[in-house]
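Residue-level structural notes
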Amino acid sequence: MQSLNDHLVVFPDSPGGARAHRQIGSEALQLVAHASGRPWLAGSWAPEDLVVSAAGPVRVAVFGPSPVTPDRLGSLVSSVRVLPDLDALARGLPGNTHVVASIHGQVRFQGTVTGTRCVFTARLGDVPIAADRADVLAVVTGAEPDEDLIATSVTYGMLFAPLSERSWWRGVHQVAADSCLVLPADGAARSVRWWQPPEPHLPLSQGAAGVRERLREAVAQRQPQQGRLSADLSGGMDSTSLCFLAAEHSPDLLTFCWTGGSAINDDPLYAGRAARLLARAEHLTVPDTDAPPVFSPPYWAVDTEAPRAATRGMNAIRFGIRHLVEHGATRHLAGHGADELFTGGAAYLHTLFRRHPITAWRQLRAHRALHCWPLLPSLAGLLHGGDLGTWWRQCADDLARTTPLPRTPSLGWGERIPATPWATRDAIRTTRTVFRAVAEQVAPLAPDRGQHEALTALRSAGPVLRLLCREYTAEGLPLELPYLDDRVVEAVLEILPHERYDPWRYKPVLAAAMDGLVPEVILNRTTKGDCEEPVDRALREHVPDLLDLFADSLLARRGLIDVDRMRTTLITPPRTGDVWSAQLEATIGAELWLREIAARPTVPAALAGPAPGRVGRPRRTPESEETP
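What you see as residue numbers is a count from 1 along each chain, following the sequence as written. Local features are withheld for residues below a pLDDT of 70 in this predicted model, meaning they are given only at 70 or higher, and side-chain atom pairs are given and counted only at 80 or more; totals for whole chains, interfaces and linings count all residues. Derived side-chain values reflect all non-hydrogen atoms in the structure, with water molecules and hydrogen atoms excluded from consideration.

**Topic: unusual backbone geometry**
Residue Pro 162 is bonded to the preceding Ala 161 through a cis peptide linkage, with omega at 10°. Going along the chain from the N terminus, every DSSP run of H or I of four or more residues is numbered as a helix, and every run of E of two or more is numbered as a strand. Tracing the sequence through the fold places Pro 162 in the loop between α5 (147-156) and β10 (173-174). Residue Pro 298 is bonded to the preceding Pro 297 through a cis peptide linkage, with omega at 5°. One can find Pro 298 in the loop between β15 (282-287) and α9 (314-326). Phi is positive for His 104, close to 50°, though the residue is something other than glycine. Mapped onto the elements, His 104 comes out in the loop between β6 (98-103) and β7 (106-110).

Rendered as structure tokens:
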């Protein structure tokens, strides 16, 4: 396993905290002290990624790439007296960072509201400590993988919130994205909810200006201190909008576009039109045939915090990253998270129907026309008042079905999908138990059903994208996702859901926010790029490689997958859309993760990496495990 670079460990202000700090190999770690002089923060980070300010007994640190200067942070810290004062400070910070505070012997540690930056906690002996990475705590505490979560991932593939916010290591606990962790000087750690989603109250005509302003700020703050800023330019609205925002501050912007896809893929056409209007930028256009195909070997994982849920195209992504680095890129923008932020289903109609029934009925008619929903099931879905716990119990019951799930209008709490074809009975049984346990405790993330759906999507995607960001960092190119900044998310959530998810318009909030800045040909585009044909072809071509990967499977040894049924599925795939393909990616991710942690170090010295900075991972090749 690679050294755990770019990590932060947080200690309570107590003799036990000092003792825990000594236990994890403190001589090799960077250190920031409490006002008492005891260890507070330890780890490995680039100098620009940690800003600390102090005012008497109060210490506040911002961890992660941030435009906040020490002077600016100092002005905010001057008004902090007790832990709850951090609420206002955190809401005033831009970017996508952790915030840590030490105040009168108590510590508060929080991440982002989408889970792109997380907080984990565990006990080292009798002392609670925390970190921004679960695998860091797993190393220092000797934690083992959560076998139940592995079984659930293999069986279901997609882990929705709150399961997406569960640590993959037993004894290591993940703090919910809307909460902070409090470490007292003595006693147990506790989680405190500090963030509430805004009440959606703004019409689109008013809210779009705020979204534009927050997005503009988010992109402007991403300028690298050295080197060039690069950005995806796929031709879609998400990435193209970021490119035009970035061009306002980066005249030497470097854009990146894949060409190819299926015969009907028109993404490159729209990307070309946008590129011609970004006259000062340099544009890299790379045929997808130059990159390794999806599902092709070699197969390997970049770190050990959690399995990657999306694995099929990682070799191509690494190829693209190296191409950008060769052209001088030192920071990269991507539009990931925009789908979760700006699109949604029809769940918002539940709340809308009870407040504005005529508007809800009109929009239901539009959804029915677009998706060919029959009338009676649509009405039943709109009127059904089942709670969220009932939905999770239904998902558990679905796993025992031997017939396909009936197709129903998407008006419930989420998508219900069948079990993975190769999941064993033991894996399915474990997953049902996990789902039913969730059902007993789960609660909506917001009173408005549409707001709940949006937050569920964001908090389910955040942990997945966090691992993608680390893939980029391991290759030497930090990845930035402006759409998932807390302030951007809040601005979007303030807009009324029925205007945010207008069924007749594609991403109406982003289109309105970018009006006049991004070309109308992009904002009014009604098509979506199609790359499924080459994906299906590549999958068929690499079935032998995938079967070789699972020939001596650690998942099979655990009794979680049936390799014969996997072989049958790969050779004669079922007609269930892309659900089973996504499940295959999750299964690959779990297998690679288990293999990676099988050789993990057992001594805390593994936490110490080379000198602070961005260090790429050595390339792996089919011929050897690692090459220098």
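**Overview of the pairing of strand β4 (residues 50-55)**
Strand direction decides the pairing type here: β4 and strand β5 (residues 58-63), joined by six bridges, are antiparallel. Following the sheet pairing, Ala 54 is matched in β5 by Arg 59. The criterion for strand pairing is that DSSP finds at least two bridges linking the strands in question.

**So, the packing of aromatic side chains**
In this analysis, rings of Phe, Tyr and Trp, with Trp reduced to its six-membered ring, are considered paired at centre separations within 6.5 Å, and the interplanar angle assigns stacked below 30 degrees, edge-to-face beyond 60, and tilted for intermediate values. This structure, assessed with the given rule, holds 11 aromatic pairs. Measuring from ring centre to ring centre gives 5.0 Å for Tyr 156 and Phe 435, while their planes differ by 90°; the resulting arrangement is edge-to-face. Remark: Phe 435 occurs in helix α15 (residues 425-441) and Tyr 156 occurs in helix α5; sequence separation between them is 279 residues. With a 1.4 Å probe rolled over the protein chains alone, any residue whose accessible area is under 20% of its type maximum counts as buried; one over 50% counts as exposed, and the rest are partly exposed. The class for Tyr 156 is buried, based on a relative accessible area of 2%. Three or more aromatic residues joined by ring pairs make a cluster, and in this case those are Tyr 156, Trp 391, Trp 392 and Phe 435. In this analysis the charged atom, NZ for Lys or CZ for Arg, is taken to sit over a ring once it is within 6 Å of the ring centre and within 35 degrees of the ring normal. Sitting over the ring of Phe 63, Arg 117 keeps its end group 5.8 Å from the ring centre.

**Some remarks on the confidence of the model for the protein**
Here the protein shows a mean pLDDT of 89. Residues at 70 or above account for 91%. Each residue carries a pLDDT score, the predictor's own confidence in it, on a scale running from 0 to 100. Within the protein, helix α21 (residues 532-541) has the poorest average pLDDT of any element, 81, and β10 the best, 98. Under a pLDDT of 50 for its full length, residues 608-628 has, in the predicted model, 42 contacts with residues more than four places off or in other chains. Contact criterion: two residues are considered in contact whenever any of their non-hydrogen atoms come within 4.5 Å of each other.

**Brief notes about the sheet that holds strand β14 (residues 254-259)**
The parallel open sheet is built from five strands, whose spatial order is β15-β14-β13-β16-β17. Both outer strands of the open sheet, β15 and β17 (479-480), are each paired with one neighbouring strand and no more.

**Considerations on the state of the cysteines**
Here, the term disulfide refers to a pair of cysteine sulfur atoms separated by no more than 2.5 Å. One pass over the structure, following the stated rule, counts zero disulfides. Take Cys 243: it sits in no disulfide, and the sulfur closest to it among the cysteines is that of Cys 257, at 9.6 Å. Free cysteine Cys 469: the closest other cysteine sulfur is in Cys 118, separated by 11 Å.

**Regarding the environment of Pro 197**
Following the sequence through the fold, Pro 197 ends up in the loop between β12 (190-193) and α6 (204-220). According to the relative accessible area criterion, Pro 197 is buried, its value standing at 15%. As a C-alpha pair, Pro 197 and Arg 72 span 125 residues in sequence and 26 Å in three-dimensional space. The residues contacting Pro 197, other than those within four sequence positions of it, are Leu 445, Ala 446, Gln 451, Leu 455 and Leu 493.

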